[in-house]
Amino acid sequence: MGSQISARLLPEKLTIYTTLVGLLNARNYNFGGEFVEAMIRQLKESLKANNYNEAVYLVRFLSDLVNCHVIAAPSMVAMFENFVSVTQEEDVPQVRRDWYVYAFLSSLPWVGKELYEKKDAEMDRIFANTESYLKRRQKTHVPMLQVWTADKPHPQEEYLDCLWAQIQKLKKDRWQERHILRPYLAFDSILCEALQHNLPPFTPPPHTEDSVYPMPRVIFRMFDYTDDPEGPVMPGSHSVERFVIEENLHCIIKSHWKERKTCAAQLVSYPGKNKIPLNYHIVELAQATEMLYMRLDTMNTTCVDRLSYHQRILDIVPPTFSTLCPANPTCIYKYGDESSNSLPGHSVALCLAVAFKSKATNDEIFSILKDVPNPNQDDDDDEGFSFNPLKIEVFVQTLLHLAAKSFSHSFSALAKLFVWEILHSTIRKMNKHVLKIQKELEEAKEKLARQHKRRSDDDDRSSDRKDGALEEQIERLQEKVESAQSEQKNLFLVIFQRFIMILTEHLVRCETDGTSVLTPWYKNCIERLQQIFLQHHQIIQQYMVTLENLLFTAELDPHILAVFQQFCALQA
């Protein structure tokens, strides 16, 4: 299966390996049959093991073997008919249906022409069933996955909708595609004489409680063909070449993302680089960075976090690109120069900076802030309970000024005083605690299983005593796991309850005042709620029923309920 592994790691070279298999099959028919059987076994095992990314490449490899006269086209069509028939299954998640449709559509750039030439009526029927499914398919999840809330200048398409449009255009263009290497064409005189194999009848493994399918996604794009002033033209967003190129580049990045130099070398040596403006877009960093920052107002808050520090951008790119990077955005600290000595709150800001650096306690910091004069307090108001905006300004200005200089110096202050940091720190600690106990439980169970195996033929009573002690330990650990999971569930319940409370207060206040709900505060808060769901989705999935019954009920405001429904749709 070495060729299959190579094709997965180097998808742009898939056709080279299928051609090799074709030539070997032409020489040795039995080898071809054994290879196809092994591929089908591997495909079934990958699907049962929830290894769907692996399975996509296996299906694609099998598809291209049709072009190499290893597999008979009618049997490949029959397999795809069974794939698309999954869309008719009842009481299964949409993501299951999605994957089988994606596996079919994503193979057509390689084999669509051959299948249509041999079995056009059957392919038309499969296409009609696919189109029917895509029209009735739910897309509640899309808003949660979009990077930007605006569709200009480039719409953010749901991945299956985009792929369907690309395949439709490919079909309209009579399956003419100009990017995939097709070395088997050079060996047509040899391959056309080879005997072909029929794929065995393939039934997709049934859905089970343990089935975990890939989540849907949104296609992220920043450029189109209008952004290229010269050289080769970038394929349009609905051209199948765009799909093939993005698939290949995605696999390169995914395989080498930990090694930046290796990743860069692989990208610049991409076989099809002369057909696309790859070098232009790698070098056009300044434009990309500028576009990101210009569109911050509609960018998802979670994504904005990644662009918070200029230095992070500089660290990503090689030093030779430094002239293309935007200027360092200097922070203006209101209390930082001599002219600010006369400003109200200046002396308090200086004391506060010293307190942050020395890791003062919360009480000490609040004590310092008491000395900030209140511009809202009347001279004859002795109680001094009125709102003090200057106190907030002094605090935030000083804290962010220190954070801009050195994040590590002010991290302790941020961790103590920023609610968002406290929230995530608490979740991380709780998750780590649960995982630790679960690991201890699994290790104890494995130890007991090993003891049983060692003494399967031994009647030693001392072993029984050892088993008894270990069984008691497992029972105690089981109780600890259940208790920890209960605490974990309650933590998420409290967090979501707080989000619901503050968002509901905002919505009611806006309705009462007749003002717009869509304020910057609301955008930040609702997108932070989305972030909690996405960042901890594997854990939250365990508590969906409880969340739906206790918090995210039908009576909840639609603005808030929509976030929960979007999350549910990711695995629906």
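Check the entry above for the structure.
Reading guide: rules and limits
Residues numbered from 1 in each chain as written. Predicted model: local features only at pLDDT ≥ 70, side-chain atom pairs only at ≥ 80, totals over all residues. Heavy atoms only, no water. Helix = DSSP H or I, 4+ residues; strand = E, 2+ residues; numbered from the N terminus. Buried < 20%, exposed > 50% of the residue type's maximum accessible area, 1.4 Å probe, protein only. Contact = heavy atoms within 4.5 Å. Phe/Tyr/Trp six-rings, centres within 6.5 Å; stacked < 30°, edge-to-face > 60°. Axes fitted to C-alpha atoms, helices over the stretch in contact; angles between N-to-C directions. Parallel < 35°, antiparallel > 145°, perpendicular 65-115°, else oblique. Nonpolar A, V, L, I, M, F, W, Y, C, P; charged D, E, K, R; others polar. Polar contact = N/O pair within 3.5 Å; in protein donor to acceptor, adjacent residues only side chain to side chain. Patch = residues over 30% accessible without salt bridge, like charges linked within 9 Å, V, L, I, M, F, W, Y side chains within 5 Å. Areas by Shrake-Rupley, 256 points an atom, 1.4 Å probe, with all protein chains shown as cover. Salt bridge = Lys/Arg side-chain N within 4 Å of Asp/Glu carboxyl O. Lys, Arg positive; Asp, Glu negative; His and termini not counted. Charge placed at Lys NZ, Arg CZ, Asp CG, Glu CD. Expected span 1.5 Å × (residues − 1). Left-handed = near helix turned anticlockwise from the far one by under 90°.

Scanning the protein chain for helices and strands turns up 27 helices and zero strands. Burial analysis of the protein chain (572 residues in total) assigns 44% to the buried set. Relative to all contacts within the protein chain whose residues are 6 or more apart in sequence, the contacts with residues 24 or more apart total 72%.

Tallied over the full model, the rule gives 26 aromatic pairs. Relative to Trp99, the ring of Phe83 lies with its centre 6.3 Å away and its plane at 45°, an arrangement referred to as tilted. Of the two residues, Phe83 is situated in helix α5 (residues 73–85) and Trp99 in helix α6 (residues 94–105); the sequence distance between them amounts to 16 residues. Residue classification places Phe83 among the buried positions, given a relative accessible area of 0%. Each residue in the set Tyr52, Phe80, Phe83, Trp99, Tyr100, Phe104, Tyr116, Phe127, Trp164, Trp175, Phe202 and Tyr213 is aromatic and connected to the rest through ring pairs, giving one cluster.

Moving on, we come to helix α7 (residues 108–118). In terms of burial, α7 is a largely internal element, eight of the eleven residues being buried. Along α7, the residues classified as buried are Leu108, Pro109, Trp110, Val111, Gly112, Glu114, Leu115 and Tyr116.

Another point: unusual backbone geometry. Non-glycine residue Asp91 carries a positive phi angle of around 60°. Within the secondary structure, Asp91 sits in the loop between α5 and α6. Asp91 sits in the exposed class, given a relative accessible area of 79%. With phi around 65°, Trp175 is a residue other than glycine that occupies positive phi space. With respect to the secondary-structure elements, Trp175 resides in the loop between α10 (159–172) and α11 (188–191). The exposure class of Trp175 is buried, given its relative accessible area of 11%.

Glancing now at the side chain of Gln566. Mapped onto the elements of the fold, Gln566 is located in helix α27 (residues 558–569). Judged by relative accessible area, which is 9%, Gln566 ranks as buried. Once residues lying within four places of it in the same chain are set aside, the contact partners of Gln566 are Thr140, His141, Pro143, Met144 and Gln530.

Attention shifts here to the packing of helix α2 (residues 14–27) against helix α3 (residues 29–48). Think of two packed helices as two axes; the pair is described by the angle between the axes and how far apart they sit. Where α2 contacts α3, the axes come no closer than 5 Å and their chain directions differ by 135°. Considering their axes alone, α2 and α3 lie oblique with respect to each other. Residues Val21, Leu24, Asn25 and Arg27 of α2 lie in contact with α3, whose contacting residues are Tyr29, Phe31, Gly32, Gly33 and Phe35. Looking at the contact of α2 with α3 residue by residue, the class counts come to five nonpolar, three polar and one charged.

Another point: the environment of Lys275. Relative to the assigned elements, Lys275 resides in the loop between α13 (260–268) and α14 (278–283). C-alpha separation for the pair Lys275 and Arg178, spaced 97 residues apart in sequence, amounts to 9.0 Å. Beyond its immediate sequence surroundings of up to four residues, Lys275 is in contact with Arg178, His179, Pro232 and Val233. Engagement of the side chain of Lys275 in a polar contact is seen with the backbone oxygen of Arg178, the distance being 3.2 Å.

On to a negative patch on the surface, then. Judged by side-chain charge, Glu471, Glu472, Glu475, Glu479 and Glu482 come together as a negatively charged surface patch. Looking at the secondary structure, you find Glu471 in helix α23 (residues 461–513). The class for Glu471 is partly exposed, based on a relative accessible area of 41%.

Over its 14 residues, α10 runs 20 Å from end to end, which matches the ideal 20 Å to within 8%, given 1.5 Å per residue. Among the residues of α10, Tyr159, Leu160, Cys162, Leu163, Trp164, Gln166, Ile167 and Leu170 are the ones counted as buried. Along its buried surface, α10 packs onto α6, α7, α8 (120–136) and α12 (240–256). Where α10 begins, the capping side chain belongs to Glu158, and its oxygen is found 3.0 Å from the backbone nitrogen of Leu160. Once α10 finishes, Arg174 follows within two positions and takes phi at roughly 60°, a positive value.

Before going further, it helps to examine the side chain of Thr398. Structurally, Thr398 is set in helix α20 (residues 389–405). For Thr398, the side chain forms a polar contact with the side chain of Tyr333, separated by 3.4 Å. Engagement of the side chain of Thr398 in a polar contact is seen with the backbone oxygen of Val394, the distance being 2.7 Å. Residues within four places of Thr398 in sequence aside, it is in contact with Tyr333, Ala349, Leu352, Ala353 and Phe356.

Attention now moves to the packing of helix α4 (residues 52–67) against α6. The N-to-C vectors of α4 and α6 enclose an angle of 30°; their axes lie 9 Å apart at closest approach. As α4 packs across α6, the resulting crossing turns out to be right-handed. Residues Tyr52, Ala55, Val56, Val59 and Arg60 of α4 form the contact with α6, whose own contacting residues are Trp99, Tyr102 and Ala103. Here the contact of α4 with α6 is composed, by residue class, of seven nonpolar, no polar and one charged.

Summed over all chains, the structure comprises 17 salt bridges. Among the ionic pairs, Lys119 bridges to Glu122, the shortest N-O distance being 3.7 Å. The partner of Glu131 in a salt bridge is Lys135, with the nearest N and O atoms 4.0 Å apart. You can see Glu131 and its partner Lys135 sitting in helix α8, four residues apart, about one turn around the helix.

All quantities given are derived from atomic positions and should not be read as evidence of function.
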